[in-house]
Amino acid sequence: MDFNLSEQERMIQNMARDFAERSVRPVAMEIDRRCEFPFELAKEIGEVGYFGLPYPKEYAGVGAGYTGYALVIEQLSRASMVAGALIGVNGLAEEAIFRYGSEEQKQRFLAPLAKGEHLSSFAFTEPATGSDPRAIETRAKAEGDDYVITGQKQFIALSPASKVAVVFARDETERVSAFIVDTSSPGYELRKACETLGARGLSPCVIYLDDVRTPRANLLGEKGRGFEIMLEAISVGKLAVSAEALGVGQGALELSLKYAQERKAYGRPIADLLTIKWLLAEMATRVEASRWLTYMTALVRDGGASILKESAVAKLFTSQAAVDVTRMAMQVHGAYGYMKDMEIERLYRDAKLTEIYEGVSEIQRVIIADHLLRERGLEG
Ligand SMILES: Cc1cc2nc3c(=O)[nH]c(=O)nc-3n(C[C@H](O)[C@H](O)[C@H](O)COP(=O)(O)OP(=O)(O)OC[C@H]3O[C@@H](n4cnc5c(N)ncnc54)[C@H](O)[C@@H]3O)c2cc1C
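None of the values given here were measured: they were computed from a predicted structure.

1. Here's the deal with the overall build of the chain
From N to C terminus, the chain includes 10 helices and 10 strands. Dimensions of the chain along its principal axes, counting C-alpha atoms only, are 80 × 50 × 40 Å. By the burial criterion, 53% of the 380 residues in the chain qualify as buried. Of all intrachain contacts in the chain linking residues separated by at least 6 positions in sequence, the fraction that spans at least 24 positions is 73%.

2. Remarks on the packing of helix H4 (residues 81-100) against helix H6 (residues 226-262)
Relative to each other, H4 and H6 sit at 160°, their axes nearing to 8 Å. By the angle between their axes, H4 is roughly antiparallel relative to H6. In terms of crossing hand, the pair formed by H4 and H6 is right-handed. Counted together, Met81, Gly84, Ala85, Ile87, Gly88, Gly91, Leu92, Glu95, Ala96, Arg99 and Tyr100 of H4 and Ile229, Glu232, Ala233, Ile234, Val236, Gly237, Ala240, Val241, Ala243, Glu244, Gly247 and Val248 of H6 form the full contact between these two elements. Partitioning the contact of H4 with H6 into residue classes produces 14 nonpolar, five polar and four charged.

3. A look at the domain arrangement of the chain
Under the domain assignment, the chain is made up of domain 1 (7-119), domain 2 (121-224) and domain 3 (227-375). One C-alpha centre belongs to domain 1, the other to domain 2, and the line joining them spans 22 Å. Taken together, the contact between domain 1 and domain 2 spans 23 residues of the former and 21 residues of the latter. For the side of domain 1 that touches domain 2, the elements supplying multiple residues, two or more each, are helix H1 (7-34), helix H2 (39-47), H4 and helix H5 (103-115). Sorting elements by how many residues they give to the side of domain 1 that touches domain 2 places H4 first, with 10 residues. Considering only residue class, the side of domain 1 that touches domain 2 consists of 17 nonpolar, four polar and two charged.

4. Some remarks on the pairing of strand S2 (residues 139-143)
Strand residues, when the strand is regular, have side chains that alternate between the two faces of the sheet. As judged from the five bridges shared by S2 and strand S3 (residues 146-156), these two strands associate in the antiparallel manner. Counted as the bridge partner of Lys141 is Val148 from S3. The loop that links S2 with its antiparallel partner S3 comprises two residues; one of these, Gly144, has a positive phi angle of about 60°.

5. Some details on the pairing of strand S5 (residues 176-182)
Here S5 lies mainly inside the structure; six of its seven residues are buried. Hairpin remark: strand S4 (residues 162-170) followed by S5, antiparallel, with five residues in the connecting loop; positive phi at Glu174, about 75°. Taken together, the two bridges between S5 and strand S8 (residues 219-220) define a ladder with antiparallel strand orientation. Each bridged residue has a counterpart across the sheet, and for Phe179 the counterpart in S8 is Leu219.

6. Looking at the nonpolar core
With 122 residues, the main nonpolar core has Val72, Ala96, Val166, Val167, Phe179, Leu220 and Ala329 as its most contacted residues. Beyond its immediate chain neighbours, meaning those up to four positions away, Phe179 contacts Ala140, Tyr147, Ile149, Val167, Ala169, Thr214, Asn218, Leu219 and Leu220.

Here is what the cut-offs are and how they apply
Every residue gets a number counted from 1 within its own chain, in the order that chain's sequence is written. Local features in this predicted model are restricted to residues whose pLDDT is 70 or higher, and side-chain atom pairs enter the listing and the counts only when it is 80 or higher, whereas totals over whole chains, interfaces and linings include all residues. Secondary structure is summarised from DSSP: a helix means a run of H or I of at least four residues, a strand means a run of E of at least two, and numbering begins at the N terminus for each. Any residue whose C-beta has 12 or fewer other C-beta atoms within 10 Å is treated as exposed, any with 20 or more as buried, and any in between as partly exposed, C-beta atoms being built from the backbone. Each residue is represented by a C-beta atom placed from its backbone, and any two residues with such atoms within 7 Å are regarded as in contact. Each axis is a line fitted through C-alpha atoms, and for a helix only the stretch in contact is used; angles between axes span 0 to 180 degrees, taken between their N-to-C directions. To sort the angles, those under 35 degrees are grouped as roughly parallel, those over 145 as roughly antiparallel, those from 65 to 115 as roughly perpendicular, and the leftovers as oblique. The crossing is said to be left-handed when, going from far helix to near helix, the turn is anticlockwise and less than a right angle, and right-handed when the turn is clockwise. In this classification, Asp, Glu, Lys and Arg are treated as charged, Ala, Val, Leu, Ile, Met, Phe, Trp, Tyr, Cys and Pro as nonpolar, and every other residue, Gly included, as polar. Either an automatic procedure or a domain database provided the assignment from which the domain bounds are taken. Paired strands, as defined in this entry, are two strands with at least two bridges between them according to DSSP. Here, a nonpolar core means buried Ala, Val, Leu, Ile, Met, Phe, Trp, Tyr and Cys residues linked by C-beta atoms lying within 7 Å of one another.

Here it is in structure tokens:
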């Protein structure tokens, strides 16, 4: 099934597959082992334009739409979820600036991000919350020509490489606003990257903001609209996470098909066993359904519509599928799958993150149910 991809989209898909095999797969295990930010890989991803996929050329983008974006993230994540996630996480600030930034902000901040000259972070989560915007404690106080931001952010990916961050803070009206912050500003302090189970290399860090000054001109969108900006940017982030989950699932399925044909039990390939066939069929079904949901969500966004509901549905399903598929893949591989030098072990650990970051599955269920109720005129 080619999903009616256009000639250009098929070309993007093929090029991304080649890039993944040439530049991502050979370094995937090492990135996982070191658990450090992969500067070299990020530079290569930037050079081929993958940080600017959905954005128009006037902002140094590629103009490949959100379908092109999802196709590339899927292909890169087949080889290493970290590679796909670099694009997805960087895309959060990009999307926020693209949708809500002034023309000046787009030229100044989005264009260098799209070109891969700079990377960005998206700083919402705090020690006390990652799910509840009402619990945000970081403060932004207007002072002269600046806002002065104080607080702490937690698990902020890409931090060691970020030149700018979109920081969410409570302003003097008590509402949450979004601010573009230069990460080299005095008072913006990065603490050591957290060591993670999977997606090792994304380098989520604790960030201390101690009276960090950012010009008033760096307020993103309208004052007090931070929550809306976060939801909108994260809807595209969830499309990216769905493509990551899809890529991880596809990668695990391919490895399992190969292994099942090579590994023998009782003198025959284990692929002949009904139990293994059952696993392969279950895996393939989940991967196929993940692909439909991911591409459909991208298509809706390419049509200019909101994907608040679609992206929640896609993320909920594809992340569960990735966790299920990698667990089944581990079973197909038996003890070998449990070994550190097998790719499947890494995919199994990476998959779990997709159920957690950019909104846990429980929150996706709440979003979906609220949409369903609102569509029927009931309180959501
Ligand atoms: C590797 C990694 C990278 C990350 N990168 C970033 C980043 O770049 N920027 C950023 O801002 N954050 C980032 N995060 C943070 C991540 O988005 C949050 O951790 C996530 O949204 C969950 O928030 P929490 O951990 O505070 O969970 P909590 O909100 O404390 O929730 C804990 C559990 O409680 C339950 N729960 C919570 N709320 C509800 C509800 N309303 N209904 C039902 N059940 C509920 C769920 O079971 C949930 O799993 C990252 C996290 C990781 C692990």
